[in-house]
Amino acid sequence: MIDIAVIPVAGFGTRFLPLTKSQPKEMIGIVDKPVIHYIVEEAAKSGIKTIVFVTGRHKRAIEDYFDASPELEYHLEKQGKYKLLKIVREISNMIEPIYVRQKEAKGLGHAILMAKKVIGNRPFAVLLGDEIIEGNPPLLKTLINKFETYRAPILSTYEVPWEKVSSYGVISGKPLEEDKNLYLVEDLVEKPAINEAPSNLAIIGRYILTPEIFKYLEMIKPDKKGEYQLTDALKLLNRKDSIYAYKFEGLRFDTGNKLEYLKATLHFASKHPEIGEEFKSYLREFLEKENL
Ligand code: UTP
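In what follows, the accompanying structure is described.

What counts as what
Residues numbered from 1 in each chain as written. Predicted model: local features only at pLDDT ≥ 70, side-chain atom pairs only at ≥ 80, totals over all residues. Heavy atoms only, no water. 1 Å grid on protein atoms, 1.4 Å probe; cavity = no way out; pocket = protein on both sides within 12 Å on 5 of 7 lines; lining within 4 Å. Points joined across faces, edges and corners; volume = space filled by probe spheres on them. Helix = DSSP H or I, 4+ residues; strand = E, 2+ residues; numbered from the N terminus. Nonpolar A, V, L, I, M, F, W, Y, C, P; charged D, E, K, R; others polar. Buried < 20%, exposed > 50% of the residue type's maximum accessible area, 1.4 Å probe, protein only. Pairing = 2+ DSSP bridges.

Time to look at the layout of surface pockets. Considering only enclosed or pocket space, the largest pocket measures out at about 1,400 Å³ in volume. Along the wall of the largest pocket there are 44 residues; nearest its centre are Arg-15, Lys-25, Asp-130, Lys-191 and Asp-254. Taken together, the elements giving at least two residues each to the lining of the largest pocket come down to α5 (108–113), β8 (154–159), β11 (201–209), α9 (230–240), β13 (251–254) and α10 (258–270). For the lining of the largest pocket, the leading source of residues is β11, giving 4 residues. Partitioning the lining of the largest pocket into residue classes produces 17 nonpolar, 12 polar and 15 charged. Estimated volume of the second largest pocket: approximately 950 Å³. Together, 27 residues line the second largest pocket, and Asp-32, Lys-33, His-37, Tyr-38 and Glu-41 are the ones closest to its centre. Going through the elements one at a time, α1 (35–45), α4 (82–93) and β7 (131–134) are the ones with two or more residues in the lining of the second largest pocket. Ranked by residues supplied to the lining of the second largest pocket, first place goes to α4 with 7 residues.

A few words on the pairing of strand β6 (residues 124–127). Covered by surrounding structure in β6 are Phe-124 and Val-126 together with Ala-125 and Leu-127, the residues of both alternating faces. In this sheet, β6 lies alongside strand β1 (residues 4–8) in parallel orientation, the contact comprising 2 bridges. Pairing of Val-6 across the sheet is with Val-126, part of β6. Relative to β11, β6 is paired through 4 bridges, and the arrangement is antiparallel. Bridge pairing links Leu-127 to Arg-206 in β11.

Any link to function would need more than the numbers given here.
And the structure:
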């Protein structure tokens, strides 16, 4: 049973500068919740009890967000704002957080290696701290279920337009007869040129990994930018052990990217229980006024 996850949140978020100069990109708000809230919610709904956040300097806001806030709770209670009080309390009770540090942002592979001591010898989930994925059941839950059957690392992939493949790690593989959305991975390539990409199945931010990955994360060399890539460690692991990849077909927002962030905001605003209807009618007016 997988009940522990790693969420790396130590990156610089350069695609979102200057906003990320003094604010973690994982704490940027989508309507009334920071991005990281949506991600932790998915983990909790998938049965995760403990989350190892890999943090860095300037990321304290994340720790405060998942902590109790006695002064705020006292204030809300005194004012009789019980609905808000409940929301605030639920956040600090959602999961048990553990924080480890990545002293230098040396890539996703390096960030995950920082969780080795806490994870020890058990399988674990990874969720990227800036990718919101909407699936019913949650994508992570689906991956955990597949792991129970196949007992091997399970990646998640998403069909992206061919012209975008060079921004991702990409897999090649064959779908299983008995489970058409699950691929047995043959190879993995990090950020391939369009004419060298083996498919347009991009690896996205949810993984189930086994502790063997740490050995390979310690073996890999940094890429040209000095970053240690998780894909490179998975490639080495795949030479010895099977890896599967699940093809996800729901909604996904890489909120570290400005346009995707705006799409996520529109999506969640239009289905928000308080403001959704009004927002949609404003949006219609706006489109008409702007002749769009
Ligand atoms: P990204 O590659 O999207 O994050 O990593 P980044 O490097 O912060 O973004 P850009 O490209 O400069 O805009 C995905 C997740 O992995 C974390 C990030 O915080 C993000 O949640 N990460 C990335 C780390 O924890 N450490 C790293 O060294 C790199």
